[in-house]
Structures are given as C-alpha cells and as structure tokens.
Amino acid sequence: MKVLIAGGGVGGLTLALMLEARGIRAQVFEQSGRIRELGVGINTLPHAIAELEELGLLPALDRVAIRTRRLIYKTGQGLDIVAQPRGLWAGLDAPQFSIHRGRLQTVIHDAVVERMGEGAVQCDRRLVSFEDTGEAVRAVFEARDGTRHEETGDVLVGADGIHSTVRAQYYPDQGPPAWNGVLMWRGAAWWPQFLDGASMIVAGGFKHKLVLYPIAHDPDRPGEALTNWVVCSKVGDATTPIPAREDWSRKAPVEEALKMAEGHLWIPEMDIMALIRATEEIFVYPMCDRDPLPRWTHGRVTLLGDAAHPMYPVGSNGASQAILDARDLADRLAEGSDMVAALADYDSVRRPATAAIVAANRKGGPEGVIDFVEDRAPEGYTDVHDVASEEELRAIVGDYERLQVAGR
Ligand SMILES: Cc1cc2nc3c(=O)[nH]c(=O)nc-3n(C[C@H](O)[C@H](O)[C@H](O)COP(=O)(O)OP(=O)(O)OC[C@H]3O[C@@H](n4cnc5c(N)ncnc54)[C@H](O)[C@@H]3O)c2cc1C
C-alpha cells in the first residue's frame, strides 16, 4: 500500500511517521521550498503528546519545548477566575507542551527523515489536481518553476491546511473561511520569566483577550523564557468582510497590537505593553474556521487536520486534533486490506468528534468561563466565588476537556 500525503504540516508529517511505524509506505508532498520554522507558539494537549511519545519523540520535544504546568484564567483586568493543573500535574500520563509551532514541525520532520529517508518529504510540490480512478489515485504536483510531477498511490490524504486543495475539489462552492470578527496579533520575545516559568495565562473574554505562555528556555539566558503572546480583539462581526486572506505569516506593525491591548488588558504578572514593544516580529491572523463537512472521505481520498476541520485556535486543539486524526487513520489503514472501508470508518468517527470541537470553540471553548464571569461582574470583584460557584466554573472548563478526547 502507498499513501500520498499532501501537506507537510504537523498533521501530514505525523501521519507519515505513524504509517511508517505500521509498515505502510507513505510519501509527503509539501508546497513550500523547504520545511521552515514558521508560526509562533502553540500548545499541544496531553492526549496528543501521548501519541508523539509512542513515536519516541518525547526527548526531542523536551529539548525544545516547555511542559505546561498550569493554566490560569483571568478577567481582562487581571482578576483570578480559576486555575487548572495541566498534563502530568493534573495526574495524566503525558505532559502538555507549550512549543513553537515550527519547532514542533521540525521535531516530527526530523524523525520522518531519519526513519524514512530524505525522499519521504518532497518539498516544492504543490498538489494541483487528482483523480480517483477506483483502482488508485493519481495526483499532480506543481513545482515553482512550473514543472508538473504525477504520482500514483492507493490513498490520498489531504493534510493541506485551511486552504486545502483536496477539500476544494470536493466542495468547490464552500467559499472563504468564516470569520467571527476577531483579529489575533501574535508574537514571541525573550523576557524575564513569569510565575513558575511553565504557566499559561488566558485573560479577558471574547472581545479583548490576552494569551500568554513561555515556549522555550535557554541555559544561556537564565531567568528568561521565550514568551509567546496573543492579543485578540473583536474588530468586526460576521457580516464584516474578512480583512485579508488568512495567512499565518502576515506581519503587523507594533502600534496595532499596542492599540488593541492598551486599556483593555492588564495583568499583575507581566508588563504586556513592554513585552509587545520588545517583540521583533508581530503577526496578525483572523480568527476563522469553516463549517463542518458532510463527508471527508470520497473513495480513496480523505482529509486530515486543518484541511478537514479548521477551528478557532482556542482550547489548544488545532495541532492536537490533527495528531489524533493521524492516529485513527493509521490504525485503520493498518487493520486490513479494505482501504476504502478504512477511510470511511475514519470519517465516521473523527468527523463528528472534531465537529463538536469546532462548535464548542465558536462559543469560546473553555475560555467561555471568562465571558461568563465578566458578564456577571463587569465591574470586577474581590472574590470570584461571590460571582460564581467553584462547580459552575469547573463545569465550563471540564465539559470542554471531555469533548476533546471524544472519538479517539
Ligand atoms: C505557516 C503556518 C504557521 C502557523 N502558525 C500557527 C501559530 O502560530 N499558532 C497556531 O495556533 N497555529 C498555527 N498554524 C496552524 C497550525 O499549525 C495548525 O492548526 C495545526 O498544526 C494543524 O496542522 P495541519 O498539518 O493540519 O495544517 P497546517 O499546519 O496548516 O499545514 C498544512 C501544510 O500543507 C501545506 N500545503 C498547503 N496546500 C498545499 C498543497 N496544495 N500541496 C502541498 N502542500 C500544501 C502547507 O504549506 C502546510 O505546510 C500555522 C500554520 C501554518 C501553515
């Protein structure tokens, strides 16, 4: 069996490794000229890290990332709402990692190359079209110089992100991603460590939100951490045209991010304005997703990760769910000779599970707990328990936690 994978992001590369571990041939085709460390911070949840651990990647992750110890929800004015231990500190078998997205991709890519050889990931190969003949899949990839390369496989997996070519071939009328009016300014800078150096803070509700966590330490910079920040601001609504095509690498001037944070976001643990000012590269990205699909699988072709279920980046589920997709699909393909049935079964389990997360994220995911408290006490409080009971607070974050491991 040979599996063609379009897209060398976290989802596509993880699938390749998992297939290799099951003795199935796979080849990744990536449109970029090379795998570069793009993006900023990302969190990967314990249930997904457990899968990477099974692939033997934990030591490599530990070298470049931080095991997240605690997640603290606060109001936009820095009042404490609820704190949760994470990963091993929550009694789970695997850690949660706060990591640079590009480094996560590199860790997986290096393992693919080491175990499967250089040729396993072909860069400068953009999938432009494909045909399921019933017996096989023929896919055409284009290089930047315009040359075309045809490849034949038994299965094609579209792991080609939010602008998936595979998805667009089956759903040509899907239109652009759906935007909720929120823009996210993102960046990372070396900065004096806050709290225990392994905690994550989410402060502020849907309209003005700050997300803050360290993503790397460096022995040459004691007391500091590469500190990832995101400032979210609601600048439009569902009727406002999306300001720019969603591009994770779109840069923004520092003044824009400062303006969005000033007067709306303040926490005692960190001088946010100074951190933003110290950040060399700032990116802006619209918070967008797509409606869940009626089908991912068509015969020998299926979708995975953001191509299948782009979701708002709340609740740390983008990369995590892509990894769970890969595990499910690899297991099913390894089970038997009926590839078409394997792909259909994968669709029937993973599609509803991830559609529920897309829907929950539209309501704010676990971060809905902040809106809940801010709505009840817009002027603030001395003790959060005067505003909401511990049970109410834990129910909001707990319900979401249960959702994200469903469909495994
Ligand atoms: C450059 C970049 C930066 C990102 N930065 C962040 C971030 O800072 N924070 C965050 O939360 N999330 C970020 N994301 C999104 C995050 O990586 C995903 O939500 C998650 O990891 C799921 O990954 P995926 O593999 O499904 O999709 P993606 O990570 O989007 O990977 C898809 C891959 O497919 C490739 N591709 C696209 N079209 C084709 C084609 N036609 N043929 C071949 N290859 C194709 C893309 O170049 C990309 O490498 C970023 C994504 C990208 C592409």
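Preceding block: the structure.
The residue numbers shown here count from 1 along each chain, following its written sequence. For a predicted model such as this one, the threshold for reporting local features is a pLDDT of at least 70, and the threshold for listing and counting side-chain atom pairs is 80 or more; totals across whole chains, interfaces and linings nevertheless cover every residue.

Caption draft 1: Looking closely at the nonpolar core. Take the buried Ala, Val, Leu, Ile, Met, Phe, Trp, Tyr and Cys residues, join any whose C-beta atoms are within 7 Å, and the set you get is a nonpolar core. Exposure classification rests on a simple neighbour count of other C-beta atoms within 10 Å of a residue's own: a residue reaching 20 or more is buried, one at 12 or fewer is exposed, and one in between is partly exposed. C-beta atoms are placed from the backbone. Among the nonpolar cores identified, the biggest contains 114 residues, and Ile-5, Leu-15, Ala-16, Leu-156, Val-231 and Leu-304 are the most heavily contacted of them. Here the element with the most residues in this core is helix α8 (residues 318-335); it accounts for 8 residues. What counts as a helix is a DSSP run of H or I of at least four residues, what counts as a strand is a run of E of at least two, and both are numbered from the N terminus.

Caption draft 2: Seen up close, the site of the ligand. Close contacts around the ligand come from 31 residues, with Gly-7, Gly-9, Gly-39, Gly-161 and Gly-305 the closest. Where the shell around the ligand is concerned, the elements lending two or more residues are α1 (10-21), β9 (126-132) and α8. Only Asp, Glu, Lys and Arg are considered charged in this grouping, and only Ala, Val, Leu, Ile, Met, Phe, Trp, Tyr, Cys and Pro are considered nonpolar; every other residue, Gly among them, is considered polar. Taken together, the residues of the shell around the ligand sort by class into 12 nonpolar, 13 polar and 6 charged. The criterion for a residue being near a molecule or strand is simple: its C-beta atom, placed using the backbone, must lie within 6 Å of it.

Caption draft 3: Main features of helix α6 (residues 254-261). Within α6, the full set of buried residues consists of Ala-257, Met-260 and Ala-261. Buried positions in α6, seen along its axis, are confined to an arc of 95° and lie on one side of it. Summarising the contacts, the buried residues of α6 are in contact with β13 (178-192), β16 (224-234) and α7 (272-277). Looking one or two residues beyond α6, the residue adopting positive phi is Gly-263, at roughly 80°. Our arc is simply the arc of the directions from the helix axis toward the C-beta atoms. C-beta atoms are first placed from the backbone for all residues, and any pair lying within 7 Å is then listed as a contact.

Caption draft 4: Structural detail: the sheet that holds strand β2 (residues 25-29). The pairing criterion for strands is at least two bridges between them, as found by DSSP. One open sheet accounts for 5 strands, arranged β8-β2-β1-β12-β18; its pairing is parallel. Only two strands of the sheet have a single neighbouring strand rather than two, namely β8 (121-122) and β18 (301-303). Strand direction decides the pairing type here: strand β1 (residues 2-6) and strand β12 (residues 155-158), joined by 4 bridges, are parallel. By the bridge assignment for β12, Val-3 is matched with Val-155. The sheet contacts of α1 involve β1, β2 and β12, and relative to β2 the element is tilted by about 165°. Orientation is described by axes fitted as lines to C-alpha atoms, over the contacting stretch for helices, and by angles from 0 to 180 degrees between their N-to-C directions.

Caption draft 5: Highlighting the sheet that holds strand β4 (residues 66-67). Pairing is antiparallel in the open sheet, where 3 strands are placed in the order β3-β7-β4. Two strands in the sheet have a free side with no partner beyond their single neighbour: β3 (41-44) and β4. Examined bridge by bridge, β3 and strand β7 (residues 97-100) share 4 bridges and lie antiparallel to one another. Bridge pairing in β7 places Asn-43 opposite Ser-98.

Caption draft 6: View of the pairing of strand β14 (residues 199-203). Counting buried positions along β14 yields 5 of 5 residues, so the element is predominantly enclosed. Residues of β14 alternate between two faces, with Ser-199, Ile-201 and Ala-203 on one and Met-200 and Val-202 on the opposite face, all of them buried. Across 5 bridges, strand β5 (residues 70-74) lies against β14 in parallel orientation. Along β14, the bridge assignment pairs Lys-74 with Ala-203. Alignment of β14 against strand β15 (residues 208-216), held across 3 bridges, turns out to be antiparallel. In the sheet register, Ala-203 faces β15, and the bridge partner there is Leu-210. The antiparallel pairing of β14 with β15 creates a hairpin that spans 4 residues between the two strands, and Gly-204 there sits at a positive phi of about 100°.

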